[in-house]
Each structure stands twice: as structure tokens, then as C-alpha cells.
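Observations on the model geometry
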Amino acid sequence: MLFAHGFGCDQNMWRFVAPAFESDHKVILFDHVGAGRSDLSAYDPERYSTLAGYAGDVIAICRALDLKDVIYVGHSVSAMIGVLAAVRAPELFARLVLVGPSPRYINDDGYVGGFDRSAIDELLDSLDSNYLGWSTAMAPVIVGNPDRPELGEELTESFCRTDPDIARRFARVTFLSDNREDLANATTPALVLQCANDVIAPVQVGEYVRDAMPNATMTMLNATGHCPNLSSPEETVSAIRQFLGSSVPAQA
Amino acid sequence: MTAAGADALEAFYDALVDDDPQELYDRAPCGYLSTTPDGVIVKVNQTFLTLTGYTRADLVGERTFAELLSPGGQIYHETHFAPLLRMQGRAREIALDIVRADGSRLPVLVNAVLEEGTDGAPRVIRTAVFDATDRREYERELLRAKARAEESEARARALAQTLQQTFIPATPPAIPGLAIATAYRPAGDGSEVGGDFFDVFQLRDDTWVVAIGDVRGKGVEAAVVTALARHTLRAAAAAERSPSALLRVLNDVLLREETERFCTVACLELTKVAEGWQALVACGGHPLPLLRRSGTSPRPVGAPGTLLGVFPEPDLVDTQVYLEPGSVLFLYTDGATEARKGGELYGDERLLATVAAAGPAAPDVIDAVLHDVLTYQAGQSRDDIALVALGVPG
């Protein structure tokens, strides 16, 4: 199982979910280049100017580790990154779990993405403003974790923290993306995990993804917000387990 | 007890009584609200209502905190604020915009803590909200100032580079029977203009002038003198009969300029003769050119001379040198020999050894010296480096 984090933070987003699968799966976590503890010098603005660049990394990880029948779990923008990877290299992937996916965040004719373009500009302002006082704002007090102090250390260093310039670029790539056309080409069996009251990926966007993908089902979670992996990890784990236990639907 | 003491004590008790817990909460000097872990507002103080224009009935049980934010702020909340709060139990000084009841924006700074129940499950989020209108304007001004500073730095860099390009020929001329190779590396990151220059130009049919020089100092003032030096040599070459005479003209011009700057120059006049070239070498305080004859070690040629722009009667002489086929004459500025590794200089010995070991042609010598010097100082060039090599094919 390969877990991919979304825009904003890093692989720690999965720390309440991923361990639940360690007993019966090989669990792999990674930070996107530019996030968490990735090598920032590897960030190439050109390569990462589209989600395809990130999808290329996912494929590279699968190939480098010689993974087969990958169950890809992607949160937020990484849901679409997984879709793109599965379109390009379908042989690698057995299942896709898409947590709060959105193929396009900005409203369009006949399509509700949830945001106007001005909201994205506001977000970029918000990033600027919050990076001004980055070092003090992020003064971290870590959830007590006495048996794994190194995890606290890791969080201190990296959680939700990255180079401001890269954060801006990733925000742009994420929120200005439009991958609606790609959905129909992803034949890998997929599960859309949809929260109620998710402002970033509203229910109708989740339904759009389910309907546009040839092999997708959707599970509505009781969790609210955009991060069920943090707010309702048990429910998230059980929804994924249920999906993995289900028989592979016939190819459409 | 004095009367004043009694008054103070009374004031103390009055304040204490007035500030009962309910007053303390409602009229705190910051907006204060409590929400469920999912963000639904369960309690809010009067200061928050006053700041935002909502009524208690609008909010309690009806709205989440995130719903009160601008759309951009909602994204930030979901992607940064909420995860941070959940993972670290608190978030501090997060800048957000609240949309007031009348639709206007209220810039705020937010601190929040997540309280957990005895079972470790999240129970309540307590959020303090500070009006940051002035602070945000100040931040914007800072950001604008930062953007302006970056822009002007970029302009200064472009200006330095443009100016620097006037210190050397765009491409050295092709001289029949003489190979020319050159290199030029401005100091540091190239954002500041330095003082090294060189020039190669034709005087008569079979006679050429080659000059290399170094104006002391950096920056605009040095750049002005550098351009002056290069163009004075060019202009004077038509009238003067020897390199030392050329340098004397430059010395006079620099003295008349009343500049504090002085410079060192090595100047050659090259004349084609039968198989090779006859060179007249004059130096004004500049490192002597190195002559490497085929099969022998390189050696300095010419006499050191007086640096230019300081003394009215400089000691400048011409030395005649024959460049036979297979020989290379190498000119450089002290940016090469004074390259540093720690406290140690690259020095003359290393330079001589590198020139001796380099390949036979002029470009081989330039490549070898440049590579060796740059490697020696690990890319941290503190001074400009100008190199010119003249090779007689043979």
C-alpha cells in the first residue's frame, strides 16, 4: 500500500491510518518533493509545474521498489496524482483509494468545483501572510508520544512546513489543475472516500469523480471536513478495509 | 495607611469584583470561541460578536469556525490549520480572514488549542481571535518592500552584468597566425561589478595590441575607471609608438581624473615576423606575462614597472620578446594568483606549474588555469579573474 499526502503537510497525515494496514500489507509512505523531509534541492519548478510531474514520481517510486498490485491511497490533490499515475502505468496499480478527490477546484460552466478563481488568489495571500511569521507560528508542541520520541522530532522539523516558494507553486498547481478528462481513462478499481461538509472537495465533486471513472464506487463518511485520515481515522480505515475486501468489479 | 494607599486598595477590589468569570470571558480583549472537534461553534464571547457583527443565535450550533473564513482561508484552514491542530494539539499565530455578517473582511490572528478527554479523544477546540487589521497592512507593506528589494537587486545585477560586458571584447578578433583564448570570471555571484578588463585590437596591418588590466576596487566608481582605462588605451594607440608610451598616457589620464582609483596594466604590441611574432611588453605594476616556449618551463617576461594613476613619473619600459612557433604567452590578473583556500593563496608557483602542465595550444592553457583556480577556491571567487593566452601555431 502506497500512501500519498496532499497539499499542505506531509506523510504524517497518515500516522493514524497507515499503521492499521501494516499487519497484512507492505506499507510505504513518502513525502512529495518539496514537502516534509524531502530533498528540497530536487525540486525542479519546471517538472513540478503540473500534476503529471508528481504522478511521474509515484510511478518512479513503484518501479524503484519493484512494487506490484499497488493499493494507492491518495489524499486531496494526491488522489488525482494517483489517477494520473494509474492512467499512465495501469499495470502497477490494483486499487485506488481517493480521499477527498477533486479533478478541478474552480467552478466552470456546468461544473461545481467549489471555488472561484479569487479564492485561490486569497489562498496565496494567506500563504504569504502565514509564512511571514513561519518560525514562531510553527513553534511546535507535539502530541505526547513517549515510546517514539523520534516521531516527535520529525514532526517538529517538518509537519506542514516547507519552503514558502515551493508551497506557493504547489498551491497553484493543485488548485488551478483540471484533470476531469483523465478520469474516464483510469480503469483501475477505485474508491472515493467522501466526507460531509468538505469545503475543498464537496459531495457533488466526489459524485462527479465516481460517475466519470469507469470503475469507481463512493463511500460517504460520517466524518466532516477535508481530512478524515486525521479526524476519523477508524472510520477511514474501516471504509478502506471494506473496499479491499470487496471483489474486484467487472471491467466496464 | 495613607489616603492614597486606601484609594488604591479600593480600586483593586473594585476591579476584582467587576471581573467575575462571565465578564472575564465576554469582555476579554480578544474574540474567544469554543467548538466541537469538527468545528461547530458551541460557545462564543461578546468580543467576537462585536468584532464580526454576528449574533450568538447566528453562530452557536449553526456554523463551524471554518465557515466564517474567506474561501482562501477555508482552504488554508483545511490544509494547514486543522491538521496542525489535530497533530500538535495547538496552532499559533495563524493569519486568516473572517467574513463578517455584513460581508466585509476582518483580518485576524488565531491561536487555538485542542483539548482531549481522559480517553485521549479530541473533545473541544478553544480559539482566541485577535483583530489584526493594522498588523496585516503592515505585513503587506513588508511584503511589498521585500518584492521591491528583490526587484531592485535583480536590476542591479543586470546593470552590473551589462557594464561588465563593456570591459572585454564581445569576441576577441581572429588574428592570422596567432591563436587567442580568453576567460573572464567576475567575482562572487556577479551582482557587483568589478575592475578587471582586457582588450585585443588591430593597430596596423600586421600589428596588434593586447592589454589586460585591473582597476583596484569594485562597484560603480571602479567600473567608470575600468571603462576609461580600456578606451584610453584604444584611443592613444593610434598616436603612440610603444606599449610603455601607451601606459604613460593612461597614467596621465588617471592622474588628471582626480580619481582615488589606480590600476595595473600589462600591454603588448605584437608584430608578425616570418615564422613567429615580435612582442614588445610593458607592465605598469601588473603581474608579468608568462612565456612558455615549446619544451621549456614558463617564465615571466618584461619588467614590473610602476602601477598607474599614482605617480607623475612612472617607471615603464618595453621589453622585446620573440614568440617562436609553439610558444604561448599567458597574461592574467591577480584574481588568479590571489585565489584563496582558507588563509592560503593560490600563488605564483601553482600558476607556473599549471601553465607548464597544460596542453600545447592557447585554449588548453586557459582551460587548465581556470579549472585549477576555480577548483582551488571551491567556487568562492573573491576577485575578478581575467585570463588571455596567445599561442603561435607550430
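Up top is the structure.
Residues numbered from 1 in each chain as written. Chains lettered and ligands numbered in written order. Predicted model: local features only at pLDDT ≥ 70, side-chain atom pairs only at ≥ 80, totals over all residues. Heavy atoms only, no water.

Bringing a nonpolar patch on the surface into the picture now. Residues and elements named next belong to chain B. Nonpolar side chains collect at one region of the surface, where Leu 9, Phe 12, Tyr 13 and Leu 16 lie side by side and expose about 440 Å² of accessible area between them. Turning to its location among the elements, Leu 9 is positioned in helix H1 (residues 3-18). Its relative accessible area of 38% is what places Leu 9 among the partly exposed residues. (Patch = residues over 30% accessible without salt bridge, like charges linked within 9 Å, V, L, I, M, F, W, Y side chains within 5 Å. Areas by Shrake-Rupley, 256 points an atom, 1.4 Å probe, with all protein chains shown as cover. Salt bridge = Lys/Arg side-chain N within 4 Å of Asp/Glu carboxyl O. Helix = DSSP H or I, 4+ residues; strand = E, 2+ residues; numbered from the N terminus. Buried < 20%, exposed > 50% of the residue type's maximum accessible area, 1.4 Å probe, protein only.)

Quick look at the sheet that holds strand E11 (residues 290-292) of chain B now. Residues and elements named next belong to chain B. Strand order in the open sheet formed by five strands is E6-E17-E14-E11-E12, and the pairing between neighbours is antiparallel. Every interior strand has two partners, whereas the edge strands, strand E6 (179-185) and strand E12 (299-300), have only one. Across the face of the sheet, helix H11 (residues 362-376) comes into contact with E6, E11, strand E14 (328-332) and strand E17 (385-391) while running at roughly 155° to E17. (Pairing = 2+ DSSP bridges. Contact = heavy atoms within 4.5 Å. Axes fitted to C-alpha atoms, helices over the stretch in contact; angles between N-to-C directions.)

Turning to the packing of helix H10 (residues 347-357) of chain B against H11(B), a few remarks are in order. Residues and elements named next belong to chain B. Between H10 and H11, the shortest axis-to-axis distance is 9 Å and the interhelical angle comes to 140°. Here H10 is positioned oblique relative to H11, judged by the angle of their axes. As for the relative orientation of H10 and H11, their crossing is right-handed in sense. On H11, the residues that touch Arg 350, Leu 351, Thr 354 and Val 355 of H10 are Val 365, Ala 368, Val 369, Asp 372 and Tyr 376. A per-class count over the contact of H10 with H11 returns six nonpolar, one polar and two charged. (Parallel < 35°, antiparallel > 145°, perpendicular 65-115°, else oblique. Left-handed = near helix turned anticlockwise from the far one by under 90°. Nonpolar A, V, L, I, M, F, W, Y, C, P; charged D, E, K, R; others polar.)

Attention now goes to the nonpolar core. Ranked by internal contacts, the top residues of the largest apolar core, which has 79 residues, are Phe93(A) and Met213(A). Broken down by element, this core gets its largest block of residues, eight residues, from helix H2 (residues 77-88) of chain A. Residues contacting Met213(A), with those up to four places away along its chain left out, are Val83(A), Leu96(A), Leu98(A), Leu183(A), Ala186(A) and Ala190(A). Within the second largest apolar cluster, 52 residues are counted, among which are Ala160(B), Ile168(B), Trp277(B) and Ala279(B). (Core = buried A, V, L, I, M, F, W, Y, C linked by side-chain atoms within 4.5 Å.)

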